[in-house]
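Structural overview
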Amino acid sequence: MKFYIVAADLEVYHDVCKQYEQLLHKVLLNGRSPKDALVECRYDLVNVFTAKLTNEEAKKLKGENGISMVTEEEIFFHELSRYFCRGSCGN
């Protein structure tokens, strides 16, 4: 599982966090909870959220209406691992 940054069209997803959870519910596998997968949602200059997904889930998300980008977020993961993993995450 990896962290992904997802950019969404504000015209399609205007109730940001709630709609992101509904979107994740459509693509998550094995009964995973959208609340557990959604790491962060934000709306500043762009409409994006961060989610913890499998490669297959990320591919499914790319095909959803209003999603303009799904990209692996390596910097975000490395920042998290520095604070939480303390050498136990395999990096």
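Let us look at the structure shown here. (Residues numbered from 1 in each chain as written. Predicted model: local features only at pLDDT ≥ 70, side-chain atom pairs only at ≥ 80, totals over all residues. Heavy atoms only, no water.)

**Some points on the state of the cysteines**
In the structure shown here, the tally under the stated rule is one disulfide. Each sulfur in the disulfide pair C17 and C41 lies 1.6 Å from the other. Note on the C17 and C41 pair: the S-S dihedral is about 75°, so by sign convention the disulfide is right-handed. In this pair, C17 is assigned in helix α1 (residues 16–27) and C41 in strand β2 (residues 38–43), connecting sequence segments 24 residues apart. Given the relative accessible area of 34%, C17 is considered partly exposed. A residue is classified by how much of its surface remains accessible, and C41, at 23% relative accessible area, is partly exposed. (Disulfide = S-S within 2.5 Å. Helix = DSSP H or I, 4+ residues; strand = E, 2+ residues; numbered from the N terminus. Buried < 20%, exposed > 50% of the residue type's maximum accessible area, 1.4 Å probe, protein only.)

**Examining the nonpolar core**
Core analysis: the biggest nonpolar cluster contains 19 residues, and Y20, L24, F49, L53, L61, I67 and V70 have the highest contact counts within it. Counting only elements with at least two residues in this core, the list comes to β1 (2–8), α1, β3 (47–53), α3 (55–62) and β4 (67–72). No other element matches α1, which puts five residues into this core. Dropping the residues within four chain positions of it, V70 is found in contact with Y4, I5, V6, A58, L61 and K62. (Core = buried A, V, L, I, M, F, W, Y, C linked by side-chain atoms within 4.5 Å. Contact = heavy atoms within 4.5 Å.)

**A closer look at the pairing of β3**
Most of β3 is tucked away, with six of its seven residues classed as buried. Of the pairings in the sheet, the one linking β1 to β3 comprises six bridges and is antiparallel in character. Counted as the bridge partner of K2 is L53 from β3. As paired strands, β2 and β3 are joined by five bridges and run antiparallel to one another. Note that in β3 the partner of L38 across the bridge is A51. (Pairing = 2+ DSSP bridges.)

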